[in-house]
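# Examining the three-dimensional arrangement
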Amino acid sequence: MPANPLQTLQLARATLDIEAAALLQLKDRLDVDFVQAVDMMLGVQGRVVVTGMGKSGHIGRKIAATLASTGTPAMFVHPAEASHGDLGMIKTVDVVLAISNSGESDELVAILPVLKRQGVPLIAMTGGLNSSLARHADVVLDSSVDKEACPLNLAPTASTTVQLALGDALAVALLDARGFKPEDFARSHPGGSLGRKLLTHVSDVMRKGSNVPQVSPDAEFTALMREMSSKGLGATSVTDVDGRVLGVFTDGDLRRLIEKGVDLRALKACDVMHADPRTIRQDALAVEAAEMMELYRITSILVVDAQGLLCGAINSNDLMRAKVI
């Protein structure tokens, strides 16, 4: 039997209202305990070990992943597995972030005395401020909610939303305190689009050696055209004997000469080249080459080394193949 459309939308909107209200209440509760938790995690010599059972455990895995990807070494340890050997993963140089809405999850409570005896600092994220978890903790982060979004007030909904948001708040505060930069994020995400943009250099994707079109300034026009055609870049560089870039000649330059009716057979490379062309260093980011192409409305750029000598060439197709653009 299909759902009642009106009732479905009402319940969905009520869910969002309840969870939004819970987040606003969380915002108002943030205090010195949150700052202390950030300081503990910032100063950890080992890792932030996140733990939690059930839905809180799922949230904990996400929090651990977010921390790890934003500069805070972190891992998730399942509290039930901790009682059967995985507790050995937790060292005194670590900080434990334990998540439980009630603060009385049996599997979690069972490992608290051991953590306390080992002297492992404990941060509790719980709605049970008088719970066993809260009593054992060095710092308590209040994640309580007035009610769950579940109509039965049973399924973890608003409470897990608050846990997730609180974990994000910790991660953001930590990355800011660490001076975490986009390049740092990229190093943790080399397979993503941001990683490619911030880790891929021109030297990684440029054409090199014999694949770079290059002629001398006194080359005949026919030789210049053969070089352009054979290398497939749509342009050729003009360099001196040392390899220093003097100019460039492109397909566009050729069209303009033809439109003017110029006798091409009598010309040499130095007669038709565009002097002082745009170049880019081989150690520049590939995304900088893409930005230069867009800014100057060109499709290829000559690449030079630190001494200004030609060492490669790159065009928009090379950047697209590398998924930089």
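Above: the structure in question.
Values in this document were obtained by computation on a predicted structure and should not be read as measured data. (Residues numbered from 1 in each chain as written. Predicted model: local features only at pLDDT ≥ 70, side-chain atom pairs only at ≥ 80, totals over all residues. Heavy atoms only, no water.)

Turning to the overall build of the chain, a few remarks are in order. Across its full length, the chain carries 15 helices and 12 strands. Its C-alpha atoms give the chain a radius of gyration of 31 Å, clearly above 20 Å, the size a compact globule of 325 residues would have. Viewed in the frame of its principal axes, the chain has a C-alpha envelope of about 95 × 55 × 35 Å. Total accessible area computed for the chain in this model is approximately 17,100 Å², and 54% of it derives from carbon and sulfur atoms. (Helix = DSSP H or I, 4+ residues; strand = E, 2+ residues; numbered from the N terminus. Rg over C-alpha atoms; globule rule 2.2 N^0.38 Å. Areas by Shrake-Rupley, 256 points an atom, 1.4 Å probe, with all protein chains shown as cover.)

Quick look at the pairing of strand E8 (residues 245–250) now. Bridge analysis of strand E7 (residues 235–239) against E8 gives 5 bridges, and the strand direction is antiparallel. Each bridged residue has a counterpart across the sheet, and for Ser237 the counterpart in E8 is Val248. The turn linking E7 back onto E8 is made up of 5 residues, and Gly243 within it adopts a positive phi angle of 95°. Of the pairings in the sheet, the one linking E8 to strand E9 (residues 274–275) comprises 2 bridges and is antiparallel in character. (Pairing = 2+ DSSP bridges.)

Bringing the layout of surface pockets into the picture now. Counted as a void, the largest pocket has a volume near 480 Å³. Lining the largest pocket are 21 residues; nearest its centre among them are Val248, Thr250, Ile298, Thr299 and Ser300. Listing elements by their share of the lining of the largest pocket, those giving two or more residues are E8, helix H12 (251–260) and strand E11 (300–304). Per-element accounting of the lining of the largest pocket gives the leading share, 5 residues, to H12. Tallied by class, the residues present in the lining of the largest pocket amount to 8 nonpolar, 6 polar and 7 charged. (1 Å grid on protein atoms, 1.4 Å probe; cavity = no way out; pocket = protein on both sides within 12 Å on 5 of 7 lines; lining within 4 Å. Points joined across faces, edges and corners; volume = space filled by probe spheres on them. Nonpolar A, V, L, I, M, F, W, Y, C, P; charged D, E, K, R; others polar.)

Take the nonpolar core next. Core analysis: the largest hydrophobic core is formed by 32 residues, its most contacted members being Val48, Val50, Leu67, Leu97, Ile123, Leu141 and Leu170. With 6 residues, helix H7 (residues 158–177) is the single largest residue contributor to this core. Aside from chain neighbours lying at most four places away, what touches Val50 is Gly60, Ala64, Leu67, Met75, Phe76, Val77, Leu97 and Ile99. (Core = buried A, V, L, I, M, F, W, Y, C linked by side-chain atoms within 4.5 Å. Buried < 20%, exposed > 50% of the residue type's maximum accessible area, 1.4 Å probe, protein only. Contact = heavy atoms within 4.5 Å.)

Pairing in this open sheet of 4 strands is mixed, and the strands run E6-E7-E8-E9 from one edge to the other. Each end of this open sheet is capped by a strand with a single partner; those strands are strand E6 (214–215) and E9. Sitting on the sheet, helix H11 (residues 221–231) is in contact with E6, E7 and E8, with an inclination near 75° to E8. Contacts between H12 and the sheet are confined to E8 and E9, with E8 contributing the most and set at about 65° to the helix. (Axes fitted to C-alpha atoms, helices over the stretch in contact; angles between N-to-C directions.)

Considering the arrangement of structural elements, one finds Glu227 in helix H11. There is a polar contact of 2.8 Å between the side chain of Glu227 and the side chain of Lys231. (Polar contact = N/O pair within 3.5 Å; in protein donor to acceptor, adjacent residues only side chain to side chain.)

Here we take up the packing of aromatic side chains. Taken as a whole and assessed by the stated rule, the structure comprises 1 aromatic pair. When the ring of Phe221 is compared with that of Phe249, the centres are 5.8 Å apart and the planes differ by 80°; the resulting orientation is edge-to-face. Of this pair, Phe221 sits in helix H11 while Phe249 sits in strand E8, and the two are 28 residues apart along the sequence. Lying over the aromatic face of Tyr296, Arg278 brings its terminal NZ or CZ to 3.6 Å of the ring centre. (Phe/Tyr/Trp six-rings, centres within 6.5 Å; stacked < 30°, edge-to-face > 60°. Lys NZ or Arg CZ within 6 Å of the ring centre and 35° of its normal.)

Tallied over the entire structure, the rule returns 9 salt bridges. Ionic pairing is found between Asp142 and Arg29, a salt bridge with its closest N-O pair at 3.2 Å. With Asp142 in strand E5 (residues 139–142) and Arg29 in helix H1 (residues 5–29), the pair connects residues that are 113 residues apart, well separated along the chain. By relative accessible area, which is 25% here, Arg29 ends up partly exposed. Residues Arg265 and Asp263 are paired through a salt bridge, measuring 3.4 Å at the closest nitrogen-oxygen approach. Salt bridges here are not isolated pairs; linked through shared partners, they connect Arg207, Asp318 and Arg321. (Salt bridge = Lys/Arg side-chain N within 4 Å of Asp/Glu carboxyl O.)

Once that is clear, we can look at the packing of helix H2 (residues 32–42) against H7. Two elements in contact, H2 and H7, have axes whose closest approach is 10 Å; the angle formed by their N-to-C orientations is 60°. The orientation of H2 with respect to H7, classified from their angle, is oblique. Considering the relative orientation of H2 and H7, their crossing is right-handed. Residues Phe34, Ala37, Val38, Met41 and Leu42 of H2 touch H7, and the partners they reach there are Leu166, Ala169, Leu170, Ala173, Leu174 and Ala177. A class-by-class count of the residues in the contact of H2 with H7 yields 11 nonpolar, no polar and no charged. (Parallel < 35°, antiparallel > 145°, perpendicular 65-115°, else oblique. Left-handed = near helix turned anticlockwise from the far one by under 90°.)

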